[in-house]
Amino acid sequence: EAQVTQNPRYLITVTGKKLTVTCSQNMNHEYMSWYRQDPGLGLRQIYYSMNVEVTDKGDVPEGYKVSRKEKRNFPLILESPSPNQTSLYFCASSATGSHNEQFFGPGTRLTVL
Amino acid sequence: AQKVTQAQTEISVVEKEDVTLDCVYETRDTTYYLFWYKQPPSGELVFLIRRNSFDEQNEISGRYSWNFQKSTSSFNFTITASQVVDSAVYFCALSEARGSNFGNEKLTFGTGTRLTIIP
């Protein structure tokens, strides 16, 4: 089954404790991206990756890091989480770019205390 | 910079009524793509439609239809004879990408419209 998976689905952590949210897709997609969804702000793109070792900032990259060492995986790293990073996070992938249909993961709800 | 505006934060209609969700966009490019996604109460994001800037033909898919007007920079979504299952948050999105040769593969979403269909 073609899918995008994210782990964990729910996470409660404390300020400053490094965490990683994993994202994996099995569709051989080149483009992957991360979004955060906040009430009243919709979905905002954090980072995207055009292919292995090619990443670029979205609209809200501050406080986040990403890496793309393999085509299927695109982890989101919060080196020192803060309460303003409490949000619902979505990973997505598409065949060759942002102009294609995005396939979204199920979401990760993160709470930073 | 690219921008998407969904001015309607929340809409409620009675079942079987028609409803239109508005989407207005801003872009510097002549080549761009517009999308609609649905987020039902279960939380997943579901692709509905993609339209490129060179195709202004309106599209109909069952009870759903989309009206793309470049002159007003709008890409509105109409649900005819609404049903309770249509209750969701709907997002409009814009990609200015013209392929990887041009860089800028950002995808910008609007803030969403929460649609509630009252039985």
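A short tour of the structure in this document, coming up. Here the structure is a predicted model, which means the values were calculated and not measured. Residue positions are given per chain, counted from 1 along the sequence in the order it is written. All chains are assigned letters beginning with A, and all ligands numbers beginning with 1, in the order in which they are written. Thresholds applied to this predicted model are a pLDDT of at least 70 for local features of residues and 80 or more for the giving and counting of side-chain atom pairs; totals over whole chains, interfaces and linings are not thresholded and use all residues. To obtain the side-chain values, all non-hydrogen atoms of the structure were used and water was disregarded.

What follows covers the packing of aromatic side chains. Any two of the Phe, Tyr and Trp rings considered here, Trp counted by its six-membered ring, make a pair once their centres fall within 6.5 Å; the pair's planes then place it as stacked at under 30 degrees, edge-to-face at over 60, or tilted in between. For the structure shown, the criterion picks out 19 aromatic pairs over all chains. With a centroid separation of 5.5 Å and an interplanar angle of 85°, the aromatic rings of A:Phe104 and B:Tyr37 are classed as edge-to-face. Of this pair, A:Phe104 sits in strand E10 (residues 103-104) while B:Tyr37 sits in strand E5 (residues 33-39), placing the two residues on different chains. One exposure class covers both A:Phe104 and B:Tyr37, and it is buried. Centroid distance B:Tyr25 to B:Tyr32: 5.1 Å. Interplanar angle 50°. Geometry classified as tilted. The same class applies to B:Tyr25 and to B:Tyr32, which are both buried. Clustering of aromatic rings is evident, with ring pairs tying together A:Tyr35, A:Phe90, A:Phe104, B:Phe35, B:Tyr37, B:Phe47, B:Phe91 and B:Phe109. Comment: elements are numbered from the N terminus, with helices defined as DSSP H or I runs of at least four residues and strands as E runs of at least two. Only protein chains enter the calculation, and the probe is 1.4 Å; a residue is then buried if its accessible area is under 20% of its type maximum, exposed if over 50%, and partly exposed in between.

Here we come to the layout of surface pockets. Only protein atoms enter the 1 Å grid used here, on which a cavity is any set of points holding a 1.4 Å probe that cannot leave and a pocket is any open set flanked by protein within 12 Å on both sides along at least five of seven lines; residues with an atom within 4 Å of a point are listed as lining. Grid points are joined across faces, edges and corners, and a volume is the space filled by probe spheres set on the points. Considered as a void within the structure, the largest pocket measures approximately 670 Å³ in volume. For the largest pocket, the lining is made up of 33 residues, of which A:Gln37, A:Leu88, B:Gln39, B:Val89 and B:Arg114 are closest to its centre. For the lining of the largest pocket, the secondary-structure elements that each account for two or more residues are strand E4 (31-38), strand E9 (87-94) and strand E11 (108-112) of chain A together with strand E10 (88-95) and strand E12 (113-118) of chain B. When residues of the lining of the largest pocket are assigned to their parent elements, the largest contribution, 4 residues, is made by E12(B). Each residue gets one of three labels, nonpolar for Ala, Val, Leu, Ile, Met, Phe, Trp, Tyr, Cys and Pro, charged for Asp, Glu, Lys and Arg, and polar for the others, Gly among them. Looking at side-chain class alone, the lining of the largest pocket contains 12 nonpolar, 15 polar and 6 charged residues. Lining of the second largest pocket is provided by 15 residues; of these, A:Val4, A:Phe103, A:Phe104, A:Gly105 and B:Leu45 occupy positions nearest its centre.

In what follows, a contact means two residues having at least one pair of non-hydrogen atoms within 4.5 Å. With 21 residues of chain B at the interface, the matching set in chain A holds 21 residues. Around 1,800 Å² of area is buried between chain B and chain A when both sides are counted, 57% of it from carbon and sulfur atoms. Considering only the side of chain B, the residues that lose the most area to chain A are B:Leu45, B:Glu105 and B:Leu107, jointly responsible for 32% of the buried surface there. Salt bridges are defined by distance alone: a side-chain nitrogen of Lys or Arg within 4 Å of a carboxyl oxygen of Asp or Glu. Applying the counting criterion to the chain B and chain A interface returns 1 salt bridge. A salt bridge links A:Asp59 to B:Lys106; the shortest N-O distance between them is 3.3 Å. Polar contact criterion, stated in full: a pair of N or O atoms within 3.5 Å, where within protein one must be able to donate a hydrogen and the other to accept it, and residues adjacent in sequence count only if both atoms are side-chain atoms. Connecting chain B to chain A are 7 residue pairs in polar contact (both at pLDDT 80 or more). Among the secondary structure elements, those contributing two or more residues to the side of chain B that touches chain A are E5, strand E6 (46-52), E10 and strand E11 (107-109) of chain B. In terms of residue count, E5(B) provides more of the side of chain B that touches chain A than any other element does, 4 residues in total. The residue makeup of the side of chain B that touches chain A, split by class, is 9 nonpolar, 9 polar and 3 charged. Here the quantity called buried area is the total loss of accessible area, with a 1.4 Å probe, experienced by two parts when brought into contact, counted for both.

Residue and element names in this part refer to chain B. When two cysteine sulfur atoms are found within 2.5 Å, that pair is recorded as a disulfide. Under the defined criterion, the tally for this structure stands at 2 disulfides over all chains. Each sulfur of the disulfide joining Cys23 and Cys92 lies 2.0 Å from the other. Judged by the sign of its S-S torsion, about -65°, the bond between Cys23 and Cys92 is left-handed. On the criterion of sequence distance, the pair formed by Cys23 in the loop between strand E3 (19-21) and strand E4 (24-26) and Cys92 in strand E10 is long-range, its members being 69 residues apart.

Let us look at unusual backbone geometry. Look at the link from A:Asn7 to A:Pro8: it is a cis peptide, with omega at -5°. Here A:Pro8 is to be found in the loop between strand E1 (4-7) and strand E2 (10-13). We note that A:Asn28 has phi near 60°; this positive angle belongs to a residue other than glycine. Within the secondary structure, A:Asn28 is located in the loop between strand E3 (19-25) and E4. Positive phi, close to 85°, is recorded for B:Lys16, a residue that is not glycine. Tracing the chain through its elements places B:Lys16 in the loop between strand E2 (10-14) and E3.

This part covers the pairing of E5(B). Residues in a regular strand project their side chains so that they alternate between the two faces of the sheet. Residue and element names in this part refer to chain B. Within E5, 7 of the 7 residues are buried, leaving the element largely enclosed by the surrounding structure. Residues Tyr33, Phe35, Tyr37 and Gln39 line one face of E5 and the alternating positions Leu34, Trp36 and Lys38 line the opposite face, and both faces are buried. Bridge count between E5 and E6: 6 bridges; the pairing is antiparallel. Residue pairing in the sheet places Tyr33 in a bridge with Asn52 of E6. A pair of strands is considered paired only if DSSP assigns at least 2 bridges between the two. Two strands pair when backbone bridges link them, and E5 and E10 are joined in this way by 7 bridges, in the antiparallel orientation. Note that in E10 the partner of Tyr37 across the bridge is Phe91.

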